[in-house]
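So the chains spell out like this:
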Amino acid sequence: MVTIATWNINSVRLRMPIVERFIAEQAPDVLCLQEIKCQEHQFPYDAFRALGYEHFAIHGQKGYHGVATVSKTPLREFSRHDWQDNGEARHVGVELPEHQGMIVENVYVPAGGDEPDREINHKFGQKLDFLERMTRWADAVDRPTLIVGDFNIAPLESDVWSHKQLLKVVSHTPIEVESLQRFMDAHGWSDIGREHIEAPERYYSWWSYRSKDWKANDRGRRLDHMWASPELARQATAHSVHEYARDWEKPSDHVPLVTEFTL
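Residues numbered from 1 in each chain as written. Predicted model: local features only at pLDDT ≥ 70, side-chain atom pairs only at ≥ 80, totals over all residues. Heavy atoms only, no water.

Bringing helix 3 (residues 122-138) into the picture now. The first and last C-alpha atoms of helix 3 sit 24 Å apart over 17 residues, in line with the 24 Å expected at 1.5 Å per residue. Residues F124, G125, K127, L128, F130, L131, M134, T135, W137 and A138 constitute the buried set of helix 3. Tucked into the core, helix 3 has its buried residues touching strand 7 (102-108), strand 8 (145-150) and helix 5 (174-187). For helix 3, the side-chain oxygen to backbone nitrogen distance between the N-cap and K123 is 3.1 Å, and the N-cap itself is N121. (Helix = DSSP H or I, 4+ residues; strand = E, 2+ residues; numbered from the N terminus. Expected span 1.5 Å × (residues − 1). Buried < 20%, exposed > 50% of the residue type's maximum accessible area, 1.4 Å probe, protein only. Contact = heavy atoms within 4.5 Å. Polar contact = N/O pair within 3.5 Å; in protein donor to acceptor, adjacent residues only side chain to side chain.)

Turning our eyes to something else, we now look at the sheet that holds strand 2 (residues 30-34). If you trace the 6 strands from one edge of the open sheet to the other, you get 3-4-2-1-14-13, paired in mixed fashion. Pairing within the sheet leaves two strands with one partner each, and these edge strands are strand 3 (55-59) and strand 13 (236-241). Strand-to-strand, the axes of this sheet are offset by a mean angle of 10°, without reference to chain direction. Bridging between strand 2 and strand 4 (residues 67-71) involves 5 bridges; their strand directions are antiparallel. From the neighbouring strand, L33 faces strand 4, where its bridge partner is A68. On top of the sheet, helix 1 (residues 16-26) reaches strand 1 (2-8), strand 2 and strand 14 (257-261); it is set at about 155° to strand 1, its chief contact. (Pairing = 2+ DSSP bridges. Axes fitted to C-alpha atoms, helices over the stretch in contact; angles between N-to-C directions.)

Turning next to the packing of helix 3 against helix 5. Interhelical geometry of helix 3 versus helix 5 gives an angle of 15° and a closest axis separation of 8 Å. As judged from the angle between their axes, helix 3 and helix 5 are roughly parallel. As for the relative orientation of helix 3 and helix 5, their crossing is left-handed in sense. Two secondary-structure elements touch here, helix 3 through F124, K127, L128, L131, M134, T135, W137 and A138 and helix 5 through I175, E176, S179, L180, R182, F183, A186 and H187. By residue class, the composition of the contact of helix 3 with helix 5 is 10 nonpolar, 3 polar and 3 charged. (Parallel < 35°, antiparallel > 145°, perpendicular 65-115°, else oblique. Left-handed = near helix turned anticlockwise from the far one by under 90°. Nonpolar A, V, L, I, M, F, W, Y, C, P; charged D, E, K, R; others polar.)

So, about the UniProt feature "domain: Endonuclease/exonuclease/phosphatase" (unreviewed entry) in the protein. According to UniProt, the feature "domain: Endonuclease/exonuclease/phosphatase" (unreviewed entry) maps to residues 5-254 in the numbering used here. A helix fraction of 26% and a strand fraction of 24% characterise residues 5-254, whose end C-alpha atoms lie 13 Å from each other. (UniProt positions renumbered as here; feature names shortened; annotations may be inferred.)

Now for the packing of aromatic side chains. Following the criterion strictly, the structure yields 15 aromatic pairs and no others. When the ring of F151 is compared with that of W227, the centres are 5.2 Å apart and the planes differ by 75°; the resulting orientation is edge-to-face. Of this pair, F151 sits in the loop between strand 8 and helix 4 (163-166) while W227 sits in strand 12 (residues 224-228), and the two are 76 residues apart along the sequence. Across this residue pair, the class does not change: F151 and W227 are buried. Among the aromatic side chains, those forming a connected cluster through ring pairs are W83, F130, W137, F151, F183, W189 and W227. A cation over an aromatic ring shows up here: R219 above the ring of W161, its NZ or CZ 4.2 Å from the ring centre. Over the ring of Y203 we find R222; its NZ or CZ atom is 5.0 Å from the centre of that ring. (Phe/Tyr/Trp six-rings, centres within 6.5 Å; stacked < 30°, edge-to-face > 60°. Lys NZ or Arg CZ within 6 Å of the ring centre and 35° of its normal.)

Below you can see the structure in the form of structure tokens.
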């Protein structure tokens, strides 16, 4: 068995206390972090080693973005793709040799700015292009693979607090949903979250900092995902969303997801 978690931590050094708390409570074998906001030499390796995580694949940059995969079990860095096509640190892939050579791809898709129009908002165009490059990559995937991270898209109506009000809001627009569907179809990915928490049940992983009472207002979106190759998806035995972490001191605006596999 192996448990894998994903979490957009929104600065790993700032939020190391809640990372430690999550690990103490859940102890996943592998933890994939996005938006670490530090360079590789600045990553808190010693803090993770003290928690039993001695294996690392870090793709960082100064002050922004960045992804990290830390593990109790040996890993081998497998890939780094520049799907943003501008040098930003948004992806790292690893192989887990002790778990049937499972591939875990950790990705941070661009948010896409505020206007869902690539003609007036280049960030939105970059997001769509990122997804297109990911789709071309997925078409050639030929090993059992798990791709996790902050996709910055909530595709289903029950993935957002109001489908009607968010149709023209970046992260839930039809063009983004269609782009993500093409990515899914390119490899036949299985959406692990929705395999275990079936639509139309409410499922969110992000609540804005702008909301003074996130829990009462509950204006959430499911921006974080764990998708698996079909054969690997059949080995997923449990999936959980840890909403309570949004209530911790100095929280991330995202919460962790955890999937358990029988490997």
